[in-house]
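The chain contents come next:
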Amino acid sequence: EITEENIKELIEKIDKIKSEDKVILAGNIPKCINNNIYEIICKKLNEKNVLFIVDATKELLMNVLKFKPFLIKPNKEELEETFNTKIETKEEIIIYAKKLQEKGAQNVLISLGGDGAILLTEKNEVYYSNTPRGQVINTVGAGDSMVAGFVAGYLKKKDYKEALKLGIASGSATAFSAGLAMNEEINGLLKQITIEKI
């Protein structure tokens, strides 16, 4: 049971976040929490110029785009749900990802599972990445690993191609592992990943 007091404590912690901090909001929220909680948090983060990432779906995602998240990461199915349409081609993925940018998202990373990923950057660049070869053992945590790898890659070099490469390697390495991937497994996949501008 999450109480009003718990929510108050969370907001107090958010209020202590500084502009140099990074925040990742991921997943759905329990039914006992008001579904505007992401909006409350993102508004505060935006006012403090905090770099924040949102990995959520439907209204949770759409309602925070106005606060200009640094990165959002819907997969292809979530993109179809958001726009209530069937998406068949890379070109269509790009069209709908651009709509999310128009609503405020700075960078949009669309994961395509075994088919790689497409990244639209705030600089109007579009990149496609393949997926490395490997046996999928467990996809739990792969999306979170992809986001973590992307953010780590970006913070290290401020380069979107490198961020995408590390994100793909991290997500894939976790999918190829029984648990979360370790650094050695992630680095072992990097040489298989090719990033192309489209």
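Structure shown above.
Small disclaimer: the values here were computed from a predicted structure and weren't measured.

Draft legend 1. Here's a closer look at the packing of helix α6 (residues 142–157) against helix α7 (residues 160–175). Where α6 contacts α7, the two axes come as close as 7 Å, and the packing angle between them is 150°. Regarding the angle of α6 to α7, the classification is roughly antiparallel. Judged by the twist between their axes, the crossing of α6 over α7 is right-handed. For the pair α6 and α7, contact is made by Ala142, Ser145, Met146, Gly149, Phe150, Ala152, Gly153, Tyr154 and Lys157 and by Tyr160, Glu162, Ala163, Leu164, Leu166, Gly167, Ile168, Ser170, Gly171, Thr174 and Ala175, respectively.

Draft legend 2. Region of the structure containing the pairing of strand β2 (residues 51–55). Most of β2 is tucked away, with five of its five residues classed as buried. Burial of β2 is two-sided: the residues Leu51, Ile53 and Asp55 facing one way and the residues Phe52 and Val54 facing the other way are all buried. As defined by bridge partners, strand β1 (residues 22–26) adjoins β2 across five bridges and the pair is classed as parallel. By the bridge assignment, Val23 is partnered in β2 with Phe52. Handedness of the crossover joining β1 and β2 through helix α2 (residues 37–47): right-handed. Sheet topology places β2 next to strand β3 (residues 71–72); two bridges connect them, and they run parallel. Looking across to β3, one finds that Ile53 is bridged to Leu71.

Draft legend 3. Quick peek at the packing of aromatic side chains. Scanning all chains against the criterion turns up five aromatic pairs. Where Phe83 meets Tyr96, the ring centres are 5.0 Å apart and the plane angle is 45°; that geometry is what we call tilted. With Phe83 in helix α4 (residues 76–83) and Tyr96 in helix α5 (residues 90–102), the pair connects residues that are 13 residues apart, well separated along the chain. Between Tyr154 and Tyr160 the ring centres are 5.0 Å apart and the planes differ by 25°, which places this aromatic pair in the stacked class. We classify Tyr160 as buried; its relative accessible area is 4%. Connected via pairs of aromatic rings, a cluster forms that spans Phe70, Phe150, Tyr154 and Tyr160. Geometry around Tyr128 places Lys90 over its ring, the cationic atom sitting 3.7 Å from the centre.

Draft legend 4. How the structure looks around the pairing of strand β4 (residues 107–111). Most of β4 sits inside the fold, with five of its five residues counted as buried. Where burial is concerned, the two faces of β4 agree: the one with Asn107, Leu109 and Ser111 and the one with Val108 and Ile110 are both buried. In the sheet, β4 pairs with strand β5 (residues 117–120) via four bridges, with the strands oriented antiparallel. Within the sheet, the bridge partner assigned to Val108 lies in β5 and is Leu120. Remark: five residues form the turn of the hairpin made by β4 and β5, two consecutive strands paired antiparallel; Gly113 in that turn has positive phi of roughly 60°.

What counts and how
- For every chain, the first residue of its written sequence is number 1, and the numbers climb from 1 along that sequence.
- For this predicted model, a pLDDT threshold of at least 70 governs which residues receive local features, and a threshold of 80 or more governs which side-chain atom pairs are given and counted, while totals over whole chains, interfaces and linings are taken from all residues.
- Only hydrogens and water are set aside when side-chain values are computed; all heavy atoms of the structure are taken into account.
- Note on definitions: angles span 0 to 180 degrees between N-to-C directions of axes, and those axes are lines fitted to C-alpha atoms, for helices only across the stretch in contact.
- Helix and strand assignments follow DSSP, with helices taken as H or I runs no shorter than four residues and strands as E runs no shorter than two, numbered in order from the N terminus.
- The cut-offs work like this: below 35 degrees is roughly parallel, past 145 is roughly antiparallel, 65 to 115 is roughly perpendicular, and the gaps in between are oblique.
- Should the near helix be turned counterclockwise from the far one by less than a right angle, the crossing is left-handed, whereas a clockwise turn marks it as right-handed.
- Two residues form a contact once any of their heavy atoms are found within 4.5 Å.
- Partly exposed residues are those whose accessible area sits between 20% and 50% of the maximum for their type, while under 20% is buried and over 50% is exposed, using a 1.4 Å probe and protein chains only.
- By definition, two strands form a pair when at least two bridges between them are found by DSSP.
- The crossover handedness rule: strands pointing away from the viewer, path from first strand over the helix to second strand clockwise, crossover right-handed.
- Ring pairs shown here join Phe, Tyr and Trp side chains whose ring centres sit within 6.5 Å, with only the six-membered ring taken for Trp; geometry is labelled stacked below 30 degrees between planes, edge-to-face above 60, and tilted in between.
- Charges are assigned to positions over rings by a cutoff of 6 Å between ring centre and Lys NZ or Arg CZ, combined with an angular limit of 35 degrees from the ring normal.

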